[in-house]
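Chain by chain, the residues run as shown.
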Amino acid sequence: MSGIAMPEPDPRILARRDQIVAGLREIVPGEGVIDTEDERRAFETDALTAYRRMPLAVVLPSTTEEVAAVLKYLNGQGVPIIPRGAGTSLAGGALPQEDAVVVGVSKMACVLDVNLADRTMRVQTGITNLGVSGAIAHEGFFYAPDPSSQLACTIAGNVAMNSGGAHCLKYGVTTNNLMGVTFVTMEGEIVEIGGDAMDAPGLDLLGLICGSEGQFGMVTEATLRILPMAEGARPILFGFPSSEAAGAATAAVIGAGIVPVAIEFMDKIAIDICEDFAHAGYPMDAGALLIVEVEGAPAEIDEQLARIGEVARANGATSARQATTAAEAAAIWKGRKSAFGAMGRISDYICMDGTIPTGRLPEILARITDICDAAGLKVANIFHAGDGNLHPLVLYDMNDPVSLAKAEHAGEEILLACVEVGGCLTGEHGVGIEKRELMTAQFTEAELFQQMRVKSAFDPNWLMNPAKVFPLELRAETRKAA
Amino acid sequence: MTDLISPIDEAGVEAAVHAAMSSKTPIAIRGGGSRAGLGRPIQAARTLTTEKLTGVTLLEPAELVASAKAGTSVAEFEAELAKAGQRLAFEPFDHRALYGSTAEPTVGGMVATNASGPRRVIAGAARDALIGVRLVTGRGETIRSGGRVMKNVTGYDLVKLACGSHGTLGVVTEATFKTLPIPESELSLVWEGLDDARGVEALCAAMGSPFETSGAAHLPATANAPARTVARLENFESQLRYRAGELEKLLKPYGAAARLDAGASHDLWGEIRDVAPLLGDAARQVWKISVAPSRAAALAARLGPLVAAHLYDWSGGLLWVAVEPTDDAGSSSLRPAVREARGHATLVRASDAVRAAVDVFEPEAPALARLSEAVTAAFDPAGVLNPGRMHVRH
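Residues numbered from 1 in each chain as written. Chains lettered and ligands numbered in written order. Predicted model: local features only at pLDDT ≥ 70, side-chain atom pairs only at ≥ 80, totals over all residues. Heavy atoms only, no water.

- Naming follows an unreviewed UniProt entry, where chain B appears as FAD-binding protein of Chelatococcus sambhunathii.

- Under an unreviewed UniProt entry, the name given to chain A is FAD-binding protein, and the source organism is Chelatococcus sambhunathii.
- If you open the UniProt record of chain A and go to Cofactor (unreviewed entry), you find "FAD". (UniProt positions renumbered as here; feature names shortened; annotations may be inferred.)

Next up, the structure:
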């Protein structure tokens, strides 16, 4: 077990395990309650795999009413609850604790309604992100947020973490594409918030719940904004002599009034590793590359890429490769999309997720290099350049606790540097347990206490995903303050 | 006449809120006062205005971000953005025409009311563009949420919560927005003579196409003019020609479209944003109804006898209805019909007496109302900021 602390399990809850499981079985029949050690093991971690905690039990309800009864029961029993989609959180957002029951939405994965005229879709939140787009692709529509875990991650998790993706420069993140939810409160009430009509009056609880990291209650259904697909899309790949030049080109493209759907950045180390894995034909002599994707009809794409090409060349691009076929487009994206996998093949890594004002890019890249050099670690930089969301991958050896500790420390320093230049700790992965203790670097105590009071408004007993987001030692204090 | 407090800085706002807390005297919050007719009227001995907190504090077109203090006029903010080739994509709604006000709309008021115009249909609402706020809570504490980067999930999204909270959680002192480049040009296509159902259907077809329709309104026939169904396109000049042609082809079943050039298109969308076609008689009461486009025309038909004038924006998702003045603004028949259509209605123009007597905002289901009250209390435990502006507090 590594450096991030979790609260000590409550022995009184552990002692009542059999009784709690029996209570759950009265609500959710048959295989919906999981209590054997073997089966629970599948739920002991998420994508922050260095951390594992065996939950007390796992419940997989099949209906919103069952979720409501489970939450009411566990709230009444004073048992912590860990909501779970597919468990793909990179921040430990779905990490269980020994005295908590995992409540998963995986058995609630249906499309309930599609309305193309209204451009809306109603789903149960256990559906995967890709499953949403897959259900409407034949109609020429798609769901815009596209986190790289989209094959596995659920809408429940996307709503909880306000997930982004590569295309949010144009289309926004989850909160911008979410119109309504069925929300289950800790008291077991089922509340409809928003719906297929825009901008419900009253406080924007929908906007508040989205990104609340599952700390308020559970979302079992969602109404999503769906969009017509563009006529076509095409990426272009630019090589630059340096990261600085690539950063300057990004700013210049946007400054020229062009907002592509995606601008992705890779530095030299990332290029080498990805090219070795994917054979995407990346320029091996480049210090950094940008993948810029634009959408539209073929002639529109030509025109936009010509404008972007001019700007890139004026900012020092040394090579440009435009995809002329679907296969070439796929090849350009292949390296980027397989980047995390390629990296994982050569080394363990932790993936950071800070965002910075894009104008500070050269400075922050230099600092990342310095931080990792000082720790004796390698770092590869891959990120969504258009919106300043960095994903430095700090490479380490999982079998060497010293190496992990160094990597975690370097990661923290990188995030603190992001905050220092006017950015934030996390652009799309969420705080979870991973960045919990760093929150005091971004927020004042008054700001954290205000957020914690909001949690208390939904969950006065602090049972819902309780050991996440806020520094552990602040919790006791604020519960007094609230 | 109430006392007017005009702090010149955030510390002044904090002091005013502290004073209100310790004397248990509620204060009304306003910016320039151009939206004073919005929300439930409230009784407050003192009014705090943010109009002296002014200035554009950040303008970074290459990062698509800009900030302004709350009292900055929307006009000044938009002018500064325009100099940098940028704009607020949600096309801020301007309440002056609706209320016949000559006061200056401010950034703070725009945030407090989530004031979005026609482009909301494709670009999102004010709350979607808002990425950071500073606000003085009802506890008299200044807090920040969000920031100046557009991708940020650090901590709860109190930015969204502040937007549209009508000053009931805190006094917004500064706001940061994602901005977008002003497109090279615009044009609009206009189909004449469609009935409501066909008009909304045509708009939905336009919105479902890949041509990025950035305005979609249907103006029903009046005594002097046929119905007009309007779709706006904004883009580079060369792309506009192509897209307009494609959209015309797609919507051929609805007849031939006339084209409005950039100037005429700009003027017409200004009128639509201001709901000018509804505003004939100043005594008329006005409702703003959100409903799924596919149920909008049927809802308008059902409201038939009540409706003095109406128009559809947001592809039919926003139905503006003017009614002849009555003591309840037609609420008793309008609200059940809207509820049945799974929409929600806000009474945006009526006298203080009427807005005190009927619900201005859509009444919330009990469980939702309880959550909203608990959240409000988390920010303003003593209930000193605009108490009762949105709903009667229990």
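Next comes the rest of the write-up.
## Let's talk about the interface of chain B and chain A
Working step 1: Facing 76 residues of chain B, the contacting portion of chain A comprises 89 residues.
Working step 2: Between chain B and chain A, roughly 6400 Å² of surface is buried when both sides are summed, and carbon and sulfur atoms account for 57% of that area.
Working step 3: Of all residues in chain B, Lys151, Val153 and Tyr156 of chain B bury the most surface against chain A, accounting for 15% of the area lost on that side.
Working step 4: Our count for the chain B to chain A interface comes out at 10 salt bridges.
Working step 5: For Arg144 of chain B, the salt bridge is made with Glu447 of chain A, and the minimal N-O distance between the two is 2.6 Å. (Contact = heavy atoms within 4.5 Å. Buried area = accessible area lost by both parts, 1.4 Å probe. Salt bridge = Lys/Arg side-chain N within 4 Å of Asp/Glu carboxyl O.)

## A look at the pattern of salt bridges
Working step 1: Applying the stated rule across the entire model yields 50 salt bridges over all chains.
Working step 2: Ionic pairing is found between Glu363 of chain A and Arg360 of chain A, a salt bridge with its closest N-O pair at 2.8 Å.
Working step 3: Where Glu234 of chain B meets Arg119 of chain B, a salt bridge forms, and the shortest distance between an N and an O atom there is 2.8 Å. On the criterion of sequence distance, the pair formed by Glu234 of chain B in strand E13 (residues 228-235) and Arg119 of chain B in the loop between helix H4 (107-112) and helix H5 (120-123) is long-range, its members being 115 residues apart. Taken individually, Glu234 of chain B and Arg119 of chain B each receive the classification buried, so the pair is uniform in this respect. (Helix = DSSP H or I, 4+ residues; strand = E, 2+ residues; numbered from the N terminus. Buried < 20%, exposed > 50% of the residue type's maximum accessible area, 1.4 Å probe, protein only.)

## Considering helix H10 (residues 268-278) of chain A
All names here are of chain A.
Working step 1: Restricting attention to buried positions, one finds in H10 the residues Ala270, Ile271, Ile273, Cys274, Glu275 and Ala278.
Working step 2: For H10, the elements touching its buried residues are strand E13 (262-267), strand E14 (288-295), helix H12 (326-337), helix H13 (339-346) and strand E17 (379-384).
Working step 3: Phi turns positive, to about 45°, at His279, one or two residues after H10.

## Examining the packing of H10 of chain A against H13 of chain A
Residue and element names in this part refer to chain A.
Working step 1: As a packed pair, H10 and H13 sit with axes 9 Å apart at the nearest point and diverge in direction by 95°. One way to sum up the angle between H10 and H13 is to call them roughly perpendicular. The residues of H13 that touch H10, namely those facing Ile273, Cys274, Asp276 and Phe277, are Ala339, Ala342, Met343, Arg345 and Ile346.
Working step 2: For the contact of H10 with H13, the per-class residue count stands at seven nonpolar, no polar and two charged. (Axes fitted to C-alpha atoms, helices over the stretch in contact; angles between N-to-C directions. Parallel < 35°, antiparallel > 145°, perpendicular 65-115°, else oblique. Nonpolar A, V, L, I, M, F, W, Y, C, P; charged D, E, K, R; others polar.)

## Quick notes on the domain arrangement of chain B
Residues and elements named next belong to chain B.
Working step 1: In terms of domain boundaries, chain B breaks down into domain 1 (49-181), domain 2 (185-273) and domain 3 (276-357).
Working step 2: With 10 residues of domain 1 at the interface, the matching set in domain 2 holds 10 residues.
Working step 3: Here domain 1 meets domain 2 over a buried area of about 790 Å², counting both sides, of which 58% is carbon and sulfur.
Working step 4: Contact with domain 2 buries surface across domain 1, with Pro118, Val121 and Ile122 losing the most and accounting together for 52% of the total.
Working step 5: Remark: the boundary between domain 1 and domain 2 carries four salt bridges.
Working step 6: The salt bridge partner of Arg87 is Glu234, with a shortest N-O separation of 2.9 Å. (Domains from an automatic or database assignment.)

## Re helix H1 (residues 10-23) of chain B
Residues and elements named next belong to chain B.
Working step 1: With 14 residues, H1 should cover 20 Å at 1.5 Å per step; its first-to-last C-alpha distance of 20 Å lies within 8% of that length.
Working step 2: Taken as a whole, H1 has its buried residues at Val13, Ala16, Val17 and Ala20. Along the axis of H1, the buried positions cluster into a sector of 95°, meaning they face one direction only.
Working step 3: Among the structural elements, strand E1 (3-5), strand E2 (27-30), strand E3 (46-49), strand E7 (130-137) and strand E9 (170-178) are those in contact with the buried residues of H1.
Working step 4: One or two positions beyond H1, positive phi appears at Lys24, with a value near 50°. (Expected span 1.5 Å × (residues − 1). Arc of directions from axis to C-beta.)

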